[in-house]
Amino acid sequence: MESNNPLMCNPETGICEIPTISSNSTEGYSVFAKKKPVKIIYYTDPICSSCWGIEPQLRKLKMEYGNNFEIDYRMGGLLPNWSYNSGGISKPSDVAHHWDEVSAYYDMPIDGDVWLEDPLASSYPPSIAFKAAQMQDNEKAILFLREIREMVFLQKMNITKWEHLELAGKKVGLDVIKFEVDYEGNAKELFEEDLKLGRELSVRGFPTMFFTDITGNREMVYGSKPYNTFENALLKLYPNANKTNYEKAWSSIFSQYCSLTAREYSELTGTPRNECEKYLDDLVSMGKLEKLTTKQGALWKLNSVIR
């Protein structure tokens, strides 16, 4: 059995591991792409810092190759509870400094103080909430996942609390009455199904992405990797993938993704990273964007007045 605490994510490998038997075997894996040439099964968790670290790469992959693949988000259950006592983390407060270190490594804002001020007991409630959101609308569910990640990583909100999950649901346009019913009901079964499939696929950490084509050929990307690793996995299965040369003006990017970190903006536009913050701040000064500042960096959003 793995002994490391799952929240001790290794930034060098880009992996948040879960205590399970280590195995790369995916025997019996029989998922095929159907709607598009490639299907991606993405195992993640709402509080996985390495998953937050690949948001720039994943968003770019969607922009450039989104017409060529479908993506199936699955919840992996990073933190069932605090029964762990290893890997340098035995209680929530131990996570705070670690998250601050990971933030600097990935150049993505993460404020670890949530573990000091309002620590989470488990990642299961927000994972179940995501499955409830999926029951309504898959695209809104993806927006919901982004919303609760911003809440926990930047705003220090304990996203196990219903009040925060409900707020995130409202923001992305979910029917919150149905959302709560599903959260208390069938979403739990769907989450258990995700965990079961994860065990069958020997998922031992996050992010894990399985790329498959229409004949069942597959590639796996495990951990936070540079953009070309994800791109190459896709192209290996589907060499004829059509790459979209999308518009890189700030207004076009923010119309696609209404909130961006400087690292994300750099990845999506090709703007040198050291120029991004000034450029985005200038847009704030012009009233085009709003800025949320944290101790580890900032998030820029499309101004709600002009949205």
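Residues numbered from 1 in each chain as written. Predicted model: local features only at pLDDT ≥ 70, side-chain atom pairs only at ≥ 80, totals over all residues. Heavy atoms only, no water.

1. Observations concerning the pairing of strand S5 (residues 208-213)
In summary, the side chains of a regular strand alternate between the two faces of the sheet. Counted residue by residue, S5 has six buried out of six residues, so it is predominantly covered. Alternating residues of S5 divide into Thr 208, Phe 210 and Thr 212 and Met 209, Phe 211 and Asp 213, and every residue in both groups is buried. Relative to S5, strand S2 (residues 38-44) runs antiparallel, the two sharing six bridges. Within the sheet, the bridge partner assigned to Ile 40 lies in S5 and is Phe 211. For S5 and strand S6 (residues 218-222), the ladder comprises five bridges, and the chain directions are antiparallel. Residue Met 209 lies in a different strand from S6, and its bridge partner there is Val 221. The turn joining S5 and S6, which pair antiparallel and follow one another in sequence, is formed by four residues; a positive phi near 95° is taken by Gly 216. (Buried < 20%, exposed > 50% of the residue type's maximum accessible area, 1.4 Å probe, protein only. Helix = DSSP H or I, 4+ residues; strand = E, 2+ residues; numbered from the N terminus. Pairing = 2+ DSSP bridges.)

2. Some remarks on the sheet that holds S2
Sheet strands line up and pair through hydrogen bonds in the backbone, either parallel or antiparallel. Pairing is mixed across the open sheet formed by four strands, whose spatial order is S3-S2-S5-S6. Either end of the sheet is taken by a strand with one partner, and the two such strands are strand S3 (69-75) and S6. Mean inter-strand twist for the sheet, computed between neighbouring axes without regard to direction, equals 15°. Sitting on the sheet, helix H2 (residues 55-65) is in contact with S2, S3 and S5, with an inclination near 155° to S3. Of the strands in this sheet, S2 and S3 touch helix H6 (residues 138-153), which is tilted by about 55° from S3. (Axes fitted to C-alpha atoms, helices over the stretch in contact; angles between N-to-C directions. Contact = heavy atoms within 4.5 Å.)

3. Brief notes about the environment of Lys 225
Here Lys 225 shows up in the loop between S6 and helix H10 (227-237). Judged by relative accessible area, which is 26%, Lys 225 ranks as partly exposed. When the C-alpha atoms of Lys 225 and Ser 50 are compared, they prove to be 9.7 Å apart, with 175 residues separating the residues in sequence. Ignoring any residue separated from it by four or fewer positions in sequence, one finds Lys 225 in contact with Thr 13, Ile 54, Gln 57 and Phe 230. Only 2.6 Å separates the side chain of Lys 225 from the backbone oxygen of Tyr 222, close enough to count as a polar contact. (Polar contact = N/O pair within 3.5 Å; in protein donor to acceptor, adjacent residues only side chain to side chain.)

4. With respect to the pairing of S3
Within S3, seven of the seven residues are buried, leaving the element largely enclosed by the surrounding structure. Looking at chain direction, S2 and S3 are connected through seven bridges and run parallel. From the neighbouring strand, Ile 41 faces S3, where its bridge partner is Asp 72.

5. So, the nonpolar core
Counting residues in each nonpolar core, the largest one holds 72 residues, and the members touching the most others are Trp 99, Trp 115, Phe 144 and Phe 211. Residues contacting Phe 144, with those up to four places away along its chain left out, are Ala 129, Phe 130, Ala 133, Leu 165, Ala 168, Gly 169, Val 172, Leu 174 and Phe 179. Listed in part, the 17 residues of the second largest apolar core include Phe 254, Tyr 257, Leu 268 and Leu 280. (Core = buried A, V, L, I, M, F, W, Y, C linked by side-chain atoms within 4.5 Å.)

6. Let's talk about H2
Counting buried residues along H2, 10 of its 11 residues qualify, which places the element largely inside the surrounding structure. Among the residues of H2, those classed as buried are Glu 55, Pro 56, Gln 57, Leu 58, Arg 59, Lys 60, Leu 61, Met 63, Glu 64 and Tyr 65.

7. Examining the confidence of the model for the protein chain
Any segment with low pLDDT has predicted coordinates that should not be analysed in fine detail. Predicted confidence across the protein chain gives a mean pLDDT of 91, with 91% of residues reaching 70 or more. Confidence over residues 21-26 falls short of pLDDT 50; this stretch has 12 contacts with residues more than four positions distant or in other chains. (pLDDT = per-residue confidence, 0-100.)

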